[in-house]
Amino acid sequence: SKTLSITIKPFESNFLLVEVEDISEQEKENEDVYHRANYDQLTSLPNRELFNDRCKQALSSANRHQENLAIFFIDLDDFKFINDTYGHDVGDSILLETSKRLIDSVRESDTVSRWAGDEFTILLPKIGKKDDISQILSRLIENFTLPQRINKLSIPVSLSIGISLAPNMSTEFTDLMKLADKAMYEAKESKGISYKYYSAN
């Protein structure tokens, strides 16, 4: 399909001049620029900038409508060891498979982002109750119980997940990210797939 730009101008006394221009390539170039600026090149997940923007919008809506939301900060355990042992191609395949399993674990309304390196974030807007989060955590644990099979290798991949909640813990995006990040590092103290809600205690 083509995208056409049509311009109509007066021409002489009783005529109109119709100019038709094919702008398909320009539209495609604009889409490519937008995608490169807002999506991770390896996984095609939203990048940090787009995730931040969606979080701020969701927080604004949650504050207006008195809704709850959650942020997950996720880190792959021992990813450096996997990269060093099996090579960066296998590491990239692990990141791709991880992104698919994360997407498969959440709702359509949620946003999964590749935050940086082997870190991922998830925005869960309009959380009705804590059971909603428990269901998603159960799916995450189930989806990451099986090892990832890459080039005939069977590689176990576990996650550490930190969770912050709005408005319970804060209504500010920066605070919520810091709290989820801190909880994630506390979750790393456990073995296997583990999660922790931020707690001041």
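Note that this is a predicted model, so its numbers are computed, not measured. (Residues numbered from 1 in each chain as written. Predicted model: local features only at pLDDT ≥ 70, side-chain atom pairs only at ≥ 80, totals over all residues. Heavy atoms only, no water.)

## Some points on the nonpolar core
The biggest cluster of nonpolar side chains holds 30 residues, and the ones touching the most others in it are Phe72, Ile94, Leu102 and Leu140. Looking at this core, the elements with two or more residues in it are strand S3 (68-76), helix H3 (79-86), helix H4 (88-105), strand S5 (119-127), helix H5 (130-143) and strand S8 (159-166). Setting aside chain neighbours within four positions, we find isoleucine 94 in contact with Leu76, Phe79, Ile82, Gln148, Ile150, Ile155 and Val157. If you look at the next biggest cluster of nonpolar residues, it comprises 16 residues, including Leu59, Ile71, Phe73 and Met184. (Core = buried A, V, L, I, M, F, W, Y, C linked by side-chain atoms within 4.5 Å. Buried < 20%, exposed > 50% of the residue type's maximum accessible area, 1.4 Å probe, protein only. Helix = DSSP H or I, 4+ residues; strand = E, 2+ residues; numbered from the N terminus. Contact = heavy atoms within 4.5 Å.)

## A look at the sheet that holds S3
Pairing in this open sheet of five strands is mixed, and the strands run S4-S5-S3-S8-S9 from one edge to the other. Both outer strands of the open sheet, strand S4 (111-116) and strand S9 (194-197), are each paired with one neighbouring strand and no more. Shown here is a sheet whose adjacent strand axes are inclined to one another by a mean of 20 degrees, direction ignored. Both S3 and S5 contribute to a ladder of seven bridges, which runs antiparallel. Paired with alanine 70 across the two strands is leucine 124, which belongs to S5. (Pairing = 2+ DSSP bridges. Axes fitted to C-alpha atoms, helices over the stretch in contact; angles between N-to-C directions.)

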